[in-house]
Amino acid sequence: MLLAALLVAVAHAGDVSPSPSQPWTPSTGQSYAMPPAPVPVRLSARALSLGDLIDLALRENADTADSWKVAVESAMNANKALGAFLPDVSINVGFNKQYQQVNGHLHANGFSIPQFQIQNSPSVFVSPGANVNWTLWDFGASIAQYNAAKAGLLASNLTHNRTIQGVVHGVQLAYFNYDTARGAFNAADANVDVANANLSSTQMKRTAGLGGLSDELQARQNEMQAALQREQARDQLAQARAQLFELAGLSPNANVTIAEQAPGTEPAPVLAAVDNLMAQALAHRPDLAARYAKITALEDSYKHAQRAFLPSISFSAGVSRMHGTQATLTSQGVANPTAIQQAQITRYTASGFEETAQGGLSVSTDLTGWFTYNAVLREKRAEIDAAQADLHTALITAQHDVWLAVDSCQSARGQYSEAKELLDVSEKAYNAAKNARESGLQSNLDLLQAQQSYAQARYTLVTARAKLFTGAVDLAYATGDTPMNGETSGQ
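Not measured: the values here are computed from a predicted model. (Residues numbered from 1 in each chain as written. Predicted model: local features only at pLDDT ≥ 70, side-chain atom pairs only at ≥ 80, totals over all residues. Heavy atoms only, no water.)

Caption draft 1: Local environment of the overall build of the protein. Along its length, the protein carries nine helices and six strands. With 491 residues in all, the protein has 32% of them scored as buried. A separation threshold of at least 6 residues defines the contact pool for the protein, and within that pool the share at least 24 residues apart is 83%. Looking at the protein as shown, the accessible area adds up to about 29,900 Å², and 57% of this sits on carbon and sulfur atoms. (Helix = DSSP H or I, 4+ residues; strand = E, 2+ residues; numbered from the N terminus. Buried < 20%, exposed > 50% of the residue type's maximum accessible area, 1.4 Å probe, protein only. Contact = heavy atoms within 4.5 Å. Areas by Shrake-Rupley, 256 points an atom, 1.4 Å probe, with all protein chains shown as cover.)

Caption draft 2: The arrangement of the confidence of the model for the protein in detail. Confidence in the prediction of the protein, expressed as mean pLDDT, is 79, and 75% of residues score 70 or more. Contacts from residues 1-11, a stretch scored under 50 in pLDDT, to residues over four places away or in other chains number zero contacts. (pLDDT = per-residue confidence, 0-100.)

Caption draft 3: Highlighting the packing of aromatic side chains. Here the structure, examined in full by the defined rule, presents five aromatic pairs. Centre to centre, the rings of Y175 and F176 are 5.4 Å apart; their planes meet at 70°, and the pair counts as edge-to-face. Of the two residues, Y175 and F176, both sit in the buried class. The interplanar angle of 85° and the centroid separation of 4.9 Å between the aromatic rings of F309 and Y373 together place this pair among those described as edge-to-face. Taken together, the residues F309 in the loop between α7 (286-308) and β5 (312-335) and Y373 in helix α8 (residues 373-439) connect sequence positions 64 residues apart. In this structure, F309 and Y373 share a single accessibility class: buried. Clustering of aromatic rings is evident, with ring pairs tying together Y175, F176 and F469. Over the ring of Y302 we find R381, and its NZ or CZ is 4.9 Å from the ring centre. The ring of Y454 has R458 sitting right over it, with the charged end atom 4.0 Å from the ring centre. (Phe/Tyr/Trp six-rings, centres within 6.5 Å; stacked < 30°, edge-to-face > 60°. Lys NZ or Arg CZ within 6 Å of the ring centre and 35° of its normal.)

Caption draft 4: Molecular detail of the pattern of salt bridges. Summed over the entire model, instances satisfying the criterion amount to eleven salt bridges. In this structure, a network of salt bridges that share partners links the residues R162, R285, D287, R291, D390 and D401. (Salt bridge = Lys/Arg side-chain N within 4 Å of Asp/Glu carboxyl O.)

Caption draft 5: Broad picture of the nonpolar core. Within the largest apolar cluster, 32 residues are counted, with the highest numbers of intra-cluster contacts made by L53, V171, L244, L250 and I258. In this view, V171 contacts L50, L53, I54, A57, L244 and L247; residues no more than four positions away in its chain are not counted. In terms of nonpolar packing, the next biggest core, distinct from the first, is built from 14 residues, Y302, I384, A387 and A394 among them. (Core = buried A, V, L, I, M, F, W, Y, C linked by side-chain atoms within 4.5 Å.)

Caption draft 6: A look at the side chain of T479. Structurally, T479 can be placed in helix α9 (residues 444-479). Within the structure, T479 has its side chain in polar contact with the backbone oxygen of L475 (distance 2.9 Å). (Polar contact = N/O pair within 3.5 Å; in protein donor to acceptor, adjacent residues only side chain to side chain.)

Caption draft 7: Inspection of the environment of L310 at higher detail. By the secondary structure assignment, L310 is in the loop between α7 and β5. The spatial distance from the C-alpha of L310 to the C-alpha of L367 is 9.4 Å, given a sequence separation of 57 residues. Other than its neighbours up to four places away in sequence, L310 contacts F139, S364, T365 and W370.

Here it is, written out as structure tokens:
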């Protein structure tokens, strides 16, 4: 056995990388089962809205599954804590069968006389019984333990809610990032069309002798820059799409269409004062409430530790009944020097039962536990202090999150208003420069500069509109107002 264990240990010793700098490779003949490919999600033919993507993410996300399992485990702990208020009842049944046979020598007056004795006594006993033990009073230790379990369950449920809000928030940001990238690509595509039109117009003027090579080269350079910006926008769109699909639990090659954010669905201005929004965050955010519940659970756990060292009064009782049958057959004989034999045979059978019952009160305490009493309480107190410090930090962070989100929303609204005016002015300036260029009142360089300003105004409007939505969802998340379903603001 030792040699076999040594050989197994040597064999497994080779199943690691030979050094930290080298990868592990399986030995010859080794194969490992790979997980199956994920089952494709069934999707409707219509374009997926933001609510659809959130529903998909909540079904497929591993974080929500983990937080839910923790909450289920906490619920089981709370149910187990209820068992301290119930009596412990046990039922037992014993079965016993005996057989006895004796052989030996008879010693008398200095002589050892061989003796044979056969005692065949098979006995069968059955002993059913029941016991009950009920703690009547433990100075509130059981109640404190149950309260701690309930507070822990509340903390787990609140943490699960905040996890769901986090998933919703992440999908919202990814969706608006994708919508922004799509708008930027559309703007870049429109800029390419304008640049191509300017290039064609410049080439026609040069052919007619109304322009020079310099104008055509400038127009061609502008067209190439617009094409490059479109490719860059295409790459950003692909990355935004991949991030959104990953958060939603979709395959990267899923053939689905994402619905656009329609114009006129911009979030409303922030009307509430920042102090009121901070107060809302402190009152409604699940993660802050979970920290409060955790402190409550730790305080109840501290009370349980205090009272667990005190005596407890218990009532115990038990009943049992033993019944069975015993059949005895005895044969005995002695061989003496004169070859005279004596023999005796006895046979009898007995049956019956025996009943017992007991009950009473008992007081018990853990005397050796008093040596660790202070250390246990100091450990519990340290956990409470750490949780309170974490809560204090979280409260300050929540207030900063709200303040920054409000500032971002207000700034984004101002930028969006300015961006719309900028686009309107840039479009008019471009059309004026185009007409002046065709009339020969301005150079081609002036037209190209007006075109670039017009293109930049498109990007500015797309970015400013995206900040409106991301600022709104950040503020909702900071105040704990993020919806935990497919219905979201900004749709």
